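# Examining the three-dimensional arrangement
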Amino acid sequence: MNHERFYITDETVIEHIVSTQKQYFYAQKTKSINSRIQALNKLRDAVKQNEQRIMDALKQDLNKSEVEVYTSEIGILLEEIRFTLKHLAKWMKPKKVKTALTHVGSKGKIVPEPYGVALIIAPWNYPFQLALSPLVGAIAAGNTAIIKPSELTPSVSRVIQELLAEAFDPAFVTVVEGAVDTTSLLLKQPVDYIFFTGSVNVGKIIMQEAGKQLIPVTLELGGKSPCIVHEDANLDLAAKRIMFGKGMNAGQTCVAPDYLLVHKKVKAQLVEKLREAISQFYGSNPLESDRYGRIVSERHFTRLVEFLKDGNAIVGGGYNKNTLTIEPTVLSEVSWTSDVMQEEIFGPILPMIEYETLDEVIHKVQEKAKPLALYLFTESEDVQNAITERLSFGGGCINDTLMHIATPYLPFGGVGESGTGQYHGKDSFQTFTHFKSMLSQTTKFDLSFRYPSEKQSLKMIKKLLK
């Protein structure tokens, strides 16, 4: 399939798309609660009616099973829409605030208003959900939206384009397909908000380009998310939940456990439990399992295979270049200076480093960039509190992995190098909303001391502001 024939690389075309959306927005067509609810319902119906097309596309691009697709792509999106529809009316209402003594006679309120044209740049690892979940927030807040899917998952990109073209006026929601050149052209446009999900390196470019026009941004990035297994952990559950988090999408998840920090007393036991969990999930040969995904491209596959040389594969280690699959792998004999410990792995390789004291873990994690996620397996509340209070990270789980991102009640986002801004649930609405402060002053009376001609001004102001 020559997918490039659909790519938009003409700057004039892109300028027209942005201009058309601005005019649609200025015409007030996105702002009423009815228009937002109608659009969200259309999006929900379009997803439901195209479930099989979505599943087929994700199978073609990433070899995702239907269970994984529904769990991590379709189901989580439908729940986001349901939650938003339930609460949207409340979120949209202006909020009255108290009146300061200095402002007697006035009324203050905070008015939520949409930014305008939102540009959503989506990644390839969860190419459907991570394109449309931000769209839910953009629509709910009253914006128009331009979506740029990843060129590395062309089948999903095409489905997104067709699905949204069938559901929406392109002046309201449109998809611009393309590669790096297309993204570069989009970043030159005077859009009103940019929402990017992807790598740290590309995130820096996005922020730099947005800064040239002072366009506000949300950056959902990544980093090396540690998984700590303390000596008192329930190892049976820990092994299953760790491999659930690492095996999902063949480890190509921004919040996947990136490396294991295991107490030396339980290291040998955990290794055996991890081996058992892999066999239970994917059978004796994961490379041939229909429940296990593949690596997105040959370039990423080659990079991951190189990491296998950085330690001893005590679990897994096999791979198939023809199918771009790599077994879930646990690497021992890895040091903090190994190449596999210098960048986000984004694959099914799990380096393991043992520790003796919790302080050792805390100091080592503090030396690295703040991660997007952190996972801790322990029964001790003291250990839980020590990790939560002393380490900075975007979000995480105690005695689980990944699940903190699957609830609309918790905001999702990074900190420092792992990202800026949050979304999911109410936070998605807030991300795409500017909260405008408004003060309505009375005309029934006037406080003369505010004016410079009043002799008692300073005396009165000091009394009120003391």
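All values reported here derive from a predicted model rather than from experimental measurement.

### Focus on the sheet that holds strand β10 (residues 312-315)
Ordered by their spatial adjacency, seven strands build an open sheet running β10-β13-β14-β9-β8-β15-β16, and the pairing between neighbours is mixed. A single partner strand is all that each edge strand has here, and the edge strands are β10 and β16 (395-398). Each strand axis lies, on average, 25 degrees off the axis of its neighbour in the sheet, ignoring direction. Taken together, the four bridges between strand β8 (residues 226-229) and strand β9 (residues 259-263) define a ladder with parallel strand orientation. Bridge pairing in β9 links Pro226 to Tyr259.

### Observations concerning the nonpolar core
Across soluble globular proteins, nonpolar side chains show a tendency to be buried alongside one another. Counting residues in hydrophobic clusters, the biggest one holds 118 residues, and the most contacted among them are Phe128, Leu132, Leu135, Leu164 and Leu260. Two domains each provide a minimum of three residues to this core, namely domain 1 (4-221 + 418-438) and domain 2 (226-405). Not counting the four nearest positions on each side in its chain, Leu135 is found in contact with Leu43, Ile120, Ala145, Ile147, Leu164 and Val173.

### Regarding the UniProt feature "coiled-coil region" (unreviewed entry) in the chain
As annotated in UniProt, the feature "coiled-coil region" (unreviewed entry) corresponds to residues 40-68 in the numbering used here. Taken end to end, residues 40-68 is 86% helix and 0% strand, and its first and last C-alpha atoms sit 24 Å apart.

### Some points on the UniProt feature "domain: Aldehyde dehydrogenase" (unreviewed entry) in the chain
Sites flagged by UniProt as "domain: Aldehyde dehydrogenase" (unreviewed entry) map to residues 10-437. For residues 10-437, the end-to-end C-alpha separation is 40 Å, with 43% helix and 19% strand making up the annotated structure.

### Here's the deal with a positive patch on the surface
On the surface, Lys90, Lys93, Lys95 and Lys426 cluster together into a patch of positive charge. Turning to its location among the elements, Lys95 is positioned in strand β1 (residues 95-97). With relative accessibility at 56%, the residue Lys95 sits in the exposed group.

### Notes on the domain arrangement of the chain
The parts lose accessible area when they come together, and the size of an interface is often stated as this lost area. Here the chain is partitioned into domain 1 (4-221 + 418-438) and domain 2 (226-405). Distance between the C-alpha centres of domain 1 and domain 2: 31 Å. The interface of domain 1 with domain 2 comprises 18 residues on the first partner and 18 residues on the second. Interface area, domain 1 with domain 2, both sides summed: about 1600 Å², of which 53% is carbon and sulfur. Where domain 1 meets domain 2, there are eleven residue pairs in polar contact (both at pLDDT 80 or more). Contributions of two or more residues to the side of domain 1 that touches domain 2 are made by α3 (51-62) and α4 (66-92).

Definitions and cut-offs
Residues numbered from 1 in each chain as written. Predicted model: local features only at pLDDT ≥ 70, side-chain atom pairs only at ≥ 80, totals over all residues. Heavy atoms only, no water. Pairing = 2+ DSSP bridges. Helix = DSSP H or I, 4+ residues; strand = E, 2+ residues; numbered from the N terminus. Axes fitted to C-alpha atoms, helices over the stretch in contact; angles between N-to-C directions. Core = buried A, V, L, I, M, F, W, Y, C linked by side-chain atoms within 4.5 Å. Buried < 20%, exposed > 50% of the residue type's maximum accessible area, 1.4 Å probe, protein only. Domains from an automatic or database assignment. Contact = heavy atoms within 4.5 Å. UniProt positions renumbered as here; feature names shortened; annotations may be inferred. Patch = residues over 30% accessible without salt bridge, like charges linked within 9 Å, V, L, I, M, F, W, Y side chains within 5 Å. Areas by Shrake-Rupley, 256 points an atom, 1.4 Å probe, with all protein chains shown as cover. Salt bridge = Lys/Arg side-chain N within 4 Å of Asp/Glu carboxyl O. Lys, Arg positive; Asp, Glu negative; His and termini not counted. Charge placed at Lys NZ, Arg CZ, Asp CG, Glu CD. Buried area = accessible area lost by both parts, 1.4 Å probe. Polar contact = N/O pair within 3.5 Å; in protein donor to acceptor, adjacent residues only side chain to side chain.

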